[in-house]
Amino acid sequence: MFLLALRSARSQQDVHQVQCDYGDTSCRCNESATACEFNLRVSYLQTFTRYPVRNQTDISDLDGVVHRINASGDVVSYDGNIYEDGYTEAATVDGKTFRAFIAVNGRSPGPTLIVSEGQTVIVNVRNEMRGQSITIHWHGQLLKDTPWMDGVGYITQCPLTTGGTFRYIFKAQPSGTFWYHSHVDGQRGDGLLGALIVLERDADATYLDLPEQHTLVLQDWWPQPFIDLFTVMHSVGETYYPSTIGELPTNAYSVSILPDGSEHGSIPFFSGLINGLGKHSDVPYESSRLTSFQVTYGNKYRFRVIGGQMLYGYKVSVDRHKLTVISTDGFLIRPVSDVDYIIVYPGERYDFVLTADQIPTRFYWIRAETLEVNTTAFGPPYPSLGNSVQAVLYYSNATKPTSKDYSIIDSTPRSCTQSAPCIAVNCPFQDFHESYNVTCINVDALQLLKPSSNESLPSNDPTGSQEHFLNFGYSGLDGMLPDNINGRSFMHPPAPLQLQSFDITDLTCPTEPYSCGEGCRCLHMLTIPYNNTVRLVLANLGRESHAIHLHGHSYYVLAVGYGSYESSSGFVSSTNESLSCQANENDTATFEFQLCTTLHWRTGLRPSVRLSPYTLRKDTVIVPSGGYVIIQFVSSSPGYWFLHCHLDPHHLEGMAMVLNIAQEMQNPPPAGMSTFNSYICTLTNDCAINIHDPSSRKFFTLSSVLLLYWMDPAGNSSSYYKSWNANTIVITMYHVFGSLVQK
């Protein structure tokens, strides 16, 4: 056994213990530090409640005081006393819902974590929730060589149980706008999420990049835990408009419709939030709290938008300001200017530059509106249902707006006309009907700002048989079969695939052609060899768009295909003619083939696609109703990687699978992870990592391997780990980012 460890002789400049107190909205690591360490505490709190602060990192969650927003817009307690100094802020969310939520360091969303590209990120997550287990997924980070840090329950780790602490360690790569969130049940929709910003080392100096001030986390919000809503939908095949808690509902809900006629909201919209604040439609402006963003006239600012919502795609705009889109999913793109709307689906991120060139004494609405339309009205164009959330943009010349100012903001969104149509980036369909006067610029038209390196580019043709068709089956609320991929509805294994050695033969899905034609529930897994060019055809024969996310990778978006649309209404009428669901015929696949298990290209209609160094890279992409998206990547990151729809009702229903990449090349996890939920080891030889396995003749090429920290009973030996018990050895993976070489 070959063991490596570095003694604890590193200076405090190497590892920055970032102060991230309760209530802090952002926590930034020193750019000069080699590693950044954060502490996150996850707990249940109650909305509209202030809690006494014990110290900078702890509160008393047993002594909360319930508050309300009065007619004057002040947050006041019911008993008339003032609870401000020494108390947390009350989470007023949408101004209406009084319910439990999941807080990270006392707030939701959790603090924005800001690091620099290439730094090692260490996050100690403590679960203080009662009776619930959690994980944290680092959405969009590559985690190369450390797949066990991906934070997917029963895929890469055991969920962290109550009272436990888990240390996540990974390299901040790539740079850009990312986020962290729970990957257990519907916890993300209950508040367990936050932004992760990885700053570029060669930042653009033509605009101001202030992620502490200009990051928008989008959420949708309901009056009860999201898993309750999902359970109703899953159990009876329909959902209901909110009723008095605990009483039987009386008003069934019918899915909402997008401008292309496809279905969208399987759960009725209740409220939206931007950075945890919003306004329910029943609540007057004076009784709400909204997020505000400050700019100074004449400057240009980078804004980062994160699709943290569970279900709805949002159309983001800023009244009287044009936007220049510069990045998506962490990759800088050739700027798209004069944009009016950016459409952001769950899991996606888009960055834009705003020029502060309007009247500086006024306030302007930042709007995030769903795409839902009222198809019972005369159209097209069909009127919007008006489901939205707002924030406020204000200039430094003006005073920060309060709830008393919201009702007098008179800014309006731009009117889209035939002579001056609006521009929307990232539509979930080919285009709006011409009557909307909106022109779409979709992902297949976007290009990278800088070329990808030759080393990272896949070849233009998949290696061997590594072209795979994945049909994302969605049957809607009236369907009797669960959401699936190729007819297979995902079932989690009983233990983490990445950590355990056990026989999963009886759990995995059948692979024979035509199997699962009537639907299967099983462990859906696709095995892919090491270092192959892999092409995935993400197809959608259903009547709802999907946002497909692949963990641990950024893929190249080669092409997007769309269905056919009726000229009179703009509604999607049939699937793309290139797709066939017959083994020996050239019949076009139709919406009736949503459980298609043998999808392939129709003879003579295989799309011609070419990869270039400027081909767009993403990690989450919208697959339009009736269409497809072709993505490509190199299978150079061994691990069990989750692939799923990021609309959580679809994911929880079973629209997910695992890519098992290069199993024989996968690095062994740190000893103890497969045994303990909390990755904190006592001083035993078992805690060291065997990085040389002669039996398989594979070894790591490493820059530096381990950091070994020791703390004496007085807690003075290391300033980095004073929160841990005395006489405890903490072994952390540090820069385990070398290549795995086969000899």
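Since the structure is predicted, the reported quantities are computational estimates derived from the model, not experimental observations. (Residues numbered from 1 in each chain as written. Predicted model: local features only at pLDDT ≥ 70, side-chain atom pairs only at ≥ 80, totals over all residues. Heavy atoms only, no water.)

## Some thoughts on the overall build of the protein chain
Here comes step 1: Within the protein chain, the regular secondary structure consists of three helices and 53 strands.
Here comes step 2: Relative to its 743 residues, the protein chain shows a buried fraction of 59%.
Here comes step 3: When contacts within the protein chain are restricted to residue pairs at least 6 apart in sequence, long-range pairs at least 24 apart make up 75% of them.
Here comes step 4: Of the accessible surface of the protein chain, which amounts to about 28500 Å², a share of 48% is contributed by carbon and sulfur atoms. (Helix = DSSP H or I, 4+ residues; strand = E, 2+ residues; numbered from the N terminus. Buried < 20%, exposed > 50% of the residue type's maximum accessible area, 1.4 Å probe, protein only. Contact = heavy atoms within 4.5 Å. Areas by Shrake-Rupley, 256 points an atom, 1.4 Å probe, with all protein chains shown as cover.)

## Remarks on the confidence of the model for the protein chain
Here comes step 1: For the protein chain, per-residue confidence averages 85 on the pLDDT scale, and residues scoring 70 or more make up 85% of the total.
Here comes step 2: In this model residues 1–12 is a low-confidence stretch, pLDDT under 50, and it forms 26 contacts with partners more than four residues away in sequence or in other chains.
Here comes step 3: In the model, residues 676–743 has pLDDT below 50 throughout and makes 176 contacts with residues more than four positions away in sequence or in other chains. (pLDDT = per-residue confidence, 0-100.)

## Points about the sheet that holds strand β15 (residues 193–199)
Here comes step 1: Reading across the sheet, the five strands line up as β2-β10-β15-β14-β12 and stay open at both edges, with mixed pairing between neighbours. At either margin of the open sheet sits one strand with a lone partner, and together these are β2 (26–28) and β12 (137–139). When strand polarity is set aside, the average angle formed by the axes of neighbouring strands in this sheet is 20 degrees.
Here comes step 2: In this structure, β12 lies alongside strand β14 (residues 176–181), joined through three bridges in antiparallel fashion. Bridging from a neighbouring strand, W138 pairs with Y180 of β14. (Pairing = 2+ DSSP bridges. Axes fitted to C-alpha atoms, helices over the stretch in contact; angles between N-to-C directions.)

## Brief notes about unusual backbone geometry
Here comes step 1: A cis amide bond links Q173 with the next residue in sequence, P174, at an omega value of 0 degrees.
Here comes step 2: Mapping P174 onto the fold places it in the loop between β13 (165–171) and β14.
Here comes step 3: Residue G379 is joined to P380 through a cis peptide bond whose omega torsion reads 5 degrees.
Here comes step 4: Residue placement: P380 occurs in the loop between β28 (363–370) and β29 (388–395).
Here comes step 5: The phi angle at V93 is positive, at roughly 40 degrees, despite the residue not being glycine.
Here comes step 6: Within the fold, V93 resides in the loop between β8 (75–77) and β9 (100–104).
Here comes step 7: A relative accessible area of 5% means that V93 is categorised as buried.
Here comes step 8: Phi at L143 is positive, roughly 55 degrees, even though this residue is not glycine.
Here comes step 9: You can see L143 is positioned in the loop between β12 and β13.
Here comes step 10: Here L143 falls in the buried class, since its relative accessible area comes to 2%.

## Brief notes about the pattern of salt bridges
Here comes step 1: Overall, the coordinates contain 23 salt bridges when judged by the stated rule.
Here comes step 2: Residue E128 is joined to R126 by a salt bridge in which the shortest nitrogen-to-oxygen separation is 3.6 Å.
Here comes step 3: Two residues, R302 and D209, come together in a salt bridge whose shortest N-O distance is 3.7 Å. Of this pair, R302 sits in strand β22 (residues 300–307) while D209 sits in strand β16 (residues 208–209), and the two are 93 residues apart along the sequence. (Salt bridge = Lys/Arg side-chain N within 4 Å of Asp/Glu carboxyl O.)

## Points about the sheet that holds strand β23 (residues 314–318)
Two strands in a sheet stick together by hydrogen bonds in their backbones, pointing the same way (parallel) or opposite ways (antiparallel).
Here comes step 1: As summarised here, the arrangement of the seven strands in space is β21-β29-β28-β23-β26-β30-β31, forming an open sheet in which the pairing is mixed. Strand pairing shows two members of the sheet lacking a second neighbour, β21 (292–295) and β31 (438–441), which therefore form its edges. Between one strand axis and the next, the sheet turns by 25 degrees as a mean value, whatever way the strands run.
Here comes step 2: Alignment of strand β30 (residues 422–425) against β31, held across four bridges, turns out to be parallel. Looking across to β31, one finds that V425 is bridged to I441.

## Observations regarding helix α1 (residues 226–236)
Every α-helix carries 3.6 residues per turn, so stepping three or four residues along brings you back to the same face.
Here comes step 1: What α1 keeps buried is the set F226, L229, F230 and M233. Seen along its axis, α1 keeps its buried residues to an arc of 95 degrees; they face one direction.
Here comes step 2: At its buried positions, α1 is contacted by β18 (239–240) and α3 (648–653). (Arc of directions from axis to C-beta.)

## Examining the state of the cysteines
Here comes step 1: Within the structure shown, the criterion is met by seven disulfides.
Here comes step 2: Paired by a disulfide, C20 and C27 hold their sulfur atoms 1.9 Å apart. Since a negative S-S torsion denotes a left-handed disulfide, the C20-C27 link at about 80 degrees is right-handed. Here the two residues C20 and C27 agree in accessibility, since each one is buried.
Here comes step 3: Covalently, C581 is tied to C596 through a disulfide, its sulfur atoms 1.9 Å apart. Every disulfide takes its handedness from the sign of the S-S torsion; for C581 and C596 that torsion is 120 degrees, giving right-handed. On the criterion of sequence distance, the pair formed by C581 in the loop between β42 (579–580) and β43 (600–601) and C596 in the loop between β42 and β43 is long-range, its members being 15 residues apart. (Disulfide = S-S within 2.5 Å.)

## Here's the deal with the nonpolar core
Here comes step 1: Counting 135 residues, the largest nonpolar core has F38, L113, L643 and L659 as the members making the most contacts within it.
Here comes step 2: With five residues, the top contributor of residues to this core is strand β3 (residues 35–46).
Here comes step 3: If we skip the residues at most four places from it in the chain, L643 touches L470, F472, I485, L536, I548, H549, L550, A656, M657 and L659.
Here comes step 4: Formed by 17 residues, the second largest nonpolar core is a distinct cluster that contains L541, L579, L599 and V609. (Core = buried A, V, L, I, M, F, W, Y, C linked by side-chain atoms within 4.5 Å.)

## Considering a nonpolar patch on the surface
Here comes step 1: On the surface, a nonpolar cluster with roughly 330 Å² of combined accessible area is contributed by V66, Y78 and F98.
Here comes step 2: By the element assignment, Y78 lies in the loop between β8 and β9.
Here comes step 3: Given the relative accessible area of 59%, Y78 is considered exposed. (Patch = residues over 30% accessible without salt bridge, like charges linked within 9 Å, V, L, I, M, F, W, Y side chains within 5 Å.)

## Let's talk about the side chain of D190
Here comes step 1: Here D190 shows up in the loop between β14 and β15.
Here comes step 2: On the accessibility criterion, D190 (7% relative accessible area) is buried.
Here comes step 3: At a separation of 3.0 Å, a polar atom in the side chain of D190 contacts the side chain of R99.
Here comes step 4: If sequence neighbours within four positions are ignored, D190 has contacts with R99, F101, I102, W221, Q224, P225 and F226. (Polar contact = N/O pair within 3.5 Å; in protein donor to acceptor, adjacent residues only side chain to side chain.)

## Quick word on the pairing of β22
The two faces of a sheet get side chains in turn, since along a regular strand they alternate between them.
Here comes step 1: Where burial is concerned, most of β22 is hidden: seven out of the eight residues are buried.
Here comes step 2: Relative to β22, β16 runs parallel, the two sharing two bridges. In the strand pairing of β22, D209 is matched with R302.
Here comes step 3: Pairing geometry for strand β17 (residues 215–221) and β22, over four bridges, is parallel. The residue bridging L216 from the neighbouring strand is V305, located in β22.
Here comes step 4: In this structure, β22 lies alongside strand β27 (residues 349–355), joined through seven bridges in antiparallel fashion. By the bridge assignment for β27, K300 is matched with T355.

## Considering the packing of aromatic side chains
Here comes step 1: One pass over the full model with this rule turns up 20 aromatic pairs.
Here comes step 2: Both rings, one in W138 and one in Y180, keep their centres 5.6 Å apart while their planes meet at 45 degrees; by these two values the pair is tilted. Note that W138 is positioned in strand β12 and Y180 in strand β14, a separation of 42 residues in sequence. Each member of the pair, W138 as well as Y180, is classed as buried.
Here comes step 3: Of the aromatic side chains, those joined through ring pairs into one cluster are W138, F166, Y168, F170 and Y180.
Here comes step 4: Over the aromatic face of W221 sits the side chain of R99, whose NZ or CZ is 4.5 Å from the ring centroid.
Here comes step 5: Directly above the ring of Y341 sits K315, whose terminal nitrogen or CZ lies 4.5 Å from the centroid. (Phe/Tyr/Trp six-rings, centres within 6.5 Å; stacked < 30°, edge-to-face > 60°. Lys NZ or Arg CZ within 6 Å of the ring centre and 35° of its normal.)

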